[in-house]
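Here's the letter readout for the chains.
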Amino acid sequence: MFEVTTTHYLVVSFLLFTIGIFGIAARKNMITVLMSIELVLNSVNINLIAFSYQLSDLTGQIFAIFTITVAAGEAAVGLGILIALFRLRETTMLDGAVELKG
Amino acid sequence: MRNLLWVIPVLPFLGALLNGFLLRHRIGKKAVAAIACGTVGIAAVLGLLIIFDYLGGPEHAAHQGFEQNLYEWMPAGPLATAADGVKSFTVPMGFLIDPLSAVMLFVVTFVGFWIHVYSVGYMAHDDGFQRFFTYLNLFMGAMLLLVLGNNYVVMFVGWEGVGLCSYLLIGFYYKEDFPPYAGRKAFITNRVGDFGFVLGLFALVSTFGTLRYTELFPRIAANPSLLTGPGHFGLTLAGFIAVCMFVGAMGKSAQIPLYVWLPDAMAGPTPVSALIHAATMVTAGVYMVVRSNVIYQLAPSISMFVAVIGCATAIFAATIGLVQTDIKKVLAYSTVSQLGYMFLAAGLGAYSAAVFHLMTHAFFKALLFLGSGSVIHAMGGEQDMRKMGGLKKHMPKTFWTFVLGSGALAGLPPLAGFFSKDEILHSAAAGGHWILYAVGLITAALTAFYTFRAVNMTFLGEFRGTHEQEHHLHESPPSMTVPLLVLAVGAVFAGFVGLPVEKWNAFHHFLEPVIYRIAGHGAEEHATSALFNLVLLGVAIVVAFGFTFLAFRLYGAARGLSTDVAMERRFPAAHRVLANKYYVDELYDKTVIGGAWALARTLFRFDAGFIDGLLVNGTRNATVSFAMLSGFFDKYVVDGLVNLVATVLDGFSRVFRRLQTGYVSNYALVLAVGMFALVAVYMLIYRG
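Residues numbered from 1 in each chain as written. Chains lettered and ligands numbered in written order. Predicted model: local features only at pLDDT ≥ 70, side-chain atom pairs only at ≥ 80, totals over all residues.

Caption draft 1: Fine view of the overall build of chain A. Helix and strand counts for chain A stand at three helices and zero strands. Its C-alpha atoms put chain A at 55 × 25 × 25 Å along the principal axes. For chain A, the proportion of its 102 residues judged to be buried stands at 17%. Residue pairs in contact within chain A that sit at least 24 positions apart in sequence constitute 48% of those at least 6 positions apart. (Helix = DSSP H or I, 4+ residues; strand = E, 2+ residues; numbered from the N terminus. Buried ≥ 20, exposed ≤ 12 C-beta atoms within 10 Å, placed from the backbone. Contact = placed C-beta atoms within 7 Å.)

If you want it as C-alpha cells, here you go:
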C-alpha cells in the first residue's frame, strides 16, 4: 500500500506554493492574483499541519487556524481594493495600475 | 528822541517783512504802496527829528557822535592784538549819529522816500508791484544799517545787504534774458571788492581788537606809529588796510577796474537805477573811505592811488558817455564818472568835498534818472534817444526838471553840482596836482557836453519815433512828477550849503568833527588867495557854459542826429572804440571770465578724468571685476560641487528607479525571490 508520508505533503505544499508564486508574479488579473495568494497561504497551512502531525504538536494546527483567519481578512481587504480599482478603471487588470512606477 | 535812532533802520525792514512775508498776496497795490512809502516816510521824518535833536544836544557841542549800543552782538572773547596784547574782542549791534552819518541819513531817507513815491506811479502796472516794494524797503533798511552802524561789522552787514538788494532789483525782470545776467555780473564783481574790504577789516581787528569807530579812530589818531610801521607786500600797515578797503570801494562804487557792472545794472527798473545805482548804494564806497579818513591820511601813497583811480575813472567813463544812445546808459556812465570825482576828492584829502559832491550828486542824479524813467514811461519802454526828440512839448514838467538836473550835472552855476565839483577841482589845484586838475576839468567839459547832448536828443527837435509812440506820449502822473519837482529843488539849492568861500562853507565846517587831524600826517589845508579861487571859478564856469553851448550847437533842434552820423564818419576808429566801451567787457570776457571758464574746465576734466574716472569708476571697475571672479567661483566651484552631488544622485536614481515598475506582480516576485535568497543564504551559511 502506498503510504502517504510527510514528504508527500511537503511536495504538494511546494507545488501549491510554486503555482501560487507563479500566479502572483505572472498573471495580470487581480482576481487571479488574489486567488494565487490564497494558494500560497494554503500551501503554508498544509506545511504547518503536516509538521504538526509529524511532531505531534498542536501548535502548528492552531497556527494554521490563525493563518486562515488572517487570510479571510486579507481576502476582504484585497477584494475591497479590487472593487475600488474596478471603480477607478473599470477593469480588474493590473497592467494599468502602475502609479508607483519610478 | 536820540534814543530812537535804532528805529530808523528797523522801519524799512518792517515794511519789507509786511510786504514780503506777512501780507504777501493779501493786500492790494494801494496798501502795499502805503506800507512801503509809509515806513520810509516815517523813517525820513524820524531821521530829521533825530538829526536836529543831535545837533542841539551835548554830544555835538563836544564834537562827538551820539552812540547807541543795543546789545553785544558778537562777544568773541580774548584776542591777541598787535597794539595792546590780549583783549576781549566784541562787536556791538550799535548805531552812531555824527555829522557824516547825519548827512548820509538825510540823503538816503529823503531821496529814498521820494523815489518810493515815484515808484508807485512808475510800477503801477507791473505784476511784481509788491515784490518790488519789498526789495526796495529791504534795500532802505540795509542802506540805513550801512550808514548808521557804529562799527565796521554793522557797516559790512548793510554793505552786503544793499549788494543783495541790488542783485535782486537789477534782475527784477527775471523773465527776460539780460537782467538776471546783469544782476549776476553785479553780484560777482562786488564779491571781488567785498573780499578786499573783509581783508582790511581783519587787519584792523588783529591790530587793534576793535572795529568801533569811536574807539578805533581816536586811538589811531593818537598813536599813528602803530599803523605806519611795515605791513604786507611792501606797504605800511595803514597802506595795506587802505588798499584792501579801497578794493571794496572799487567794487561797490564802480571804479576802474571793477566798474563794469554798473552800466549793465541799468537793466533794472528805472527807480532802482535812481535810488541804488546813482544816489545811495554806489556812494557807499565813498562813505566808507571818508569814514576811514584817519587810515587814509596815514597812507599818503594809497590816497594818491585813490585819487588817480578816481580821476582815471572819471574821464574814462565820461568819454564812453559821449557816444551812448541809450538814455539810461548815458546817465550810468555819468554816474561812474561822478563817483570818480568823489574818489578824486577823497584821495586828495578833501573828504568834505567828496561827501558834498556825494550829496548834490544824489539829488541831481536821482532827479535825472527819475526824469529818464518818466520819458521811458511815456515812450512805452523805449530807451534809445535816437527814437526820441521833441518831447518837450508833451511832457513839460519832466523836461524842465530834467534840464535843471542836467545843469547841475554839467556844473552850471548856481546849481548844486557846480559848487561841489568846483570844490573838488579846487582841492586838486590847491594841492598842486595840476595833471589831476586838468583831467578833472576835461571831464567836466565832457560831462557838460554829453549831458546836454542827451537833453537835445531827447527833448528838442522833431520826434523820431513811430506814430503809435507819438500818439501815446503823455506827461507822467503826479506821483511821478511831484518827486521830480522836489528833487529839482534839491538839485538847485543843495549847493548853497557849501559855498566856495571858506568862511561861508557851512558843509565843510559841519563835517569837521569826523575828519581827524593828525600831526605831521593830516591833509594839509592849502591856503589859496582869493584871486586864485576866482580864476578857478571862472575857468570852471567858462568850461561848463562853453561845452553846454557846444552841445546845443552840435545837437540843436535843426541838426537832429546828423552830428552823431558825421562824427562817426569822421572818426570811425575812435567812435568804434568808444561805442564798444573800450572793449573792456570783451577783455574781461577773454581774460577773467575766460580764465575762470578755463580753470573750471580744467578742474572739470580733473574731476571727470581723475576723481570720477580713475578713483570712482576705477573702484567701481575693481569691485565689479572682483565680484565677477567671486561669481565664477560661486557658480562653477561651489555650485559645481552641489550640482555634482545632485548629478551623481540623479545618475544613481536613473538606474534604480527602473526597479520601481509599478507592477504589483513584479514586487511580489522580487519579494519571493528575496525570500528564497535569504533562506538560501541562511541555509548555506548557518546550516551548510
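Caption draft 2: Geometry of the domain arrangement of chain B. Under the domain assignment, chain B is made up of domain 1 (2-579), domain 2 (584-657) and domain 3 (661-687). When each unit is reduced to the centre of its C-alpha atoms, the spacing between domain 1 of chain B and domain 2 of chain B is 60 Å. (Domains from an automatic or database assignment.)

Caption draft 3: Fine view of the nonpolar core. Membership of the largest hydrophobic core comes to 212 residues, with the highest contact counts inside it found for Val111, Leu344, Ala354, Ala366 and Ala491 of chain B. Broken down by element, this core gets its largest block of residues, 17 residues, from helix 17 (residues 351-378) of chain B. Counting residues in hydrophobic clusters, the runner-up holds eight residues, among them Leu16, Ile21, Ala25 and Leu39 of chain A. (Core = buried A, V, L, I, M, F, W, Y, C linked by C-beta atoms within 7 Å.)

Caption draft 4: Quick peek at the interface of chain B and chain A. Of the residues lining the interface, 12 residues belong to chain B; the matching set on chain A comes to 11 residues. In terms of residue class, the side of chain B that touches chain A is made up of six nonpolar, four polar and two charged. (Nonpolar A, V, L, I, M, F, W, Y, C, P; charged D, E, K, R; others polar.)

Caption draft 5: Fine view of the environment of Gly15 of chain B. Residue and element names in this part refer to chain B. As for its position among the elements, Gly15 is in helix 1 (residues 7-22). Along the primary structure Gly15 and Cys37 are separated by 22 residues, whereas in three dimensions their C-alpha atoms are 8.7 Å apart. For Gly15, the residues in contact, after removing those within four places along its chain, are Ile35, Ala36, Thr39, Val40 and Asn137.

Caption draft 6: Broad picture of the packing of helix 16 (residues 327-347) of chain B against helix 17 of chain B. Residue and element names in this part refer to chain B. Put simply, helix 16 and helix 17 touch, their axes get as near as 9 Å, and they point 175° apart. On the basis of the axis angle, helix 16 is roughly antiparallel to helix 17. Contacts from Ile327, Lys328, Leu331, Thr335, Gln338, Tyr341, Met342, Ala345 and Ala346 of helix 16 reach helix 17 at Tyr351, Ala353, Ala354, His357, Leu358, His361, Lys365, Leu368, Phe369, Ser372 and Val375. Each residue belonging to the contact of helix 16 with helix 17 can be placed in one class, and the counts come to 13 nonpolar, five polar and two charged. (Axes fitted to C-alpha atoms, helices over the stretch in contact; angles between N-to-C directions. Parallel < 35°, antiparallel > 145°, perpendicular 65-115°, else oblique.)

Caption draft 7: Examining helix 7 (residues 178-208) of chain B more closely. All names here are of chain B. A rise of 1.5 Å per residue sets the reference length of helix 7, with its 31 residues, at 45 Å; its end C-alpha atoms lie 45 Å apart and thus fit the reference within 8%. At Val192, helix 7 shows its largest bend, some 25°. Directly after helix 7, the chain includes Gly209, whose backbone phi takes a positive value near 70°. (Expected span 1.5 Å × (residues − 1). Bend = angle between axes of the 7 residues up to and from the residue.)

Caption draft 8: Spatial organisation of the pairing of strand 1 (residues 66-81) of chain B. Alignment of strand 1 of chain B against strand 2 (residues 85-97) of chain B, held across 13 bridges, turns out to be antiparallel. Opposite Met74 of chain B, over in strand 2 of chain B, you have Val91 of chain B as the bridge partner. (Pairing = 2+ DSSP bridges.)

Caption draft 9: Looking closely at the packing of helix 4 (residues 99-122) of chain B against helix 22 (residues 478-493) of chain B. All names here are of chain B. Packing of helix 4 against helix 22 leaves a shortest axis separation of 7 Å and a crossing angle of 155°. Relative to helix 22, the element helix 4 lies roughly antiparallel. Between helix 4 and helix 22 lies a crossing of left-handed hand. On helix 22, the residues touching Trp114, Ile115, Val117, Tyr118, Val120, Gly121 and Tyr122 of helix 4 are Ser479, Met480, Val482, Pro483, Val486 and Leu487. For the contact of helix 4 with helix 22, the class distribution of residues is 11 nonpolar, two polar and no charged. (Left-handed = near helix turned anticlockwise from the far one by under 90°.)

Caption draft 10: Representation of unusual backbone geometry. Residues and elements named next belong to chain B. For the peptide bond that leads from Ile256 to Pro257, omega is 5°, which places it in the cis range. Considering the arrangement of structural elements, one finds Pro257 in the loop between helix 10 (237-252) and helix 11 (261-264). With an omega of 5°, the peptide bond between Pro413 and Pro414 qualifies as cis. Examined against the element boundaries, Pro414 turns out to sit in the loop between helix 18 (396-410) and helix 19 (416-430). Even without being a glycine, Lys581 presents a positive backbone phi close to 55°. Secondary-structure assignment places Lys581 in the loop between helix 26 (572-579) and helix 27 (584-656). Take Lys581: there are 19 C-beta atoms within 10 Å of it, and that puts it in the partly exposed class.

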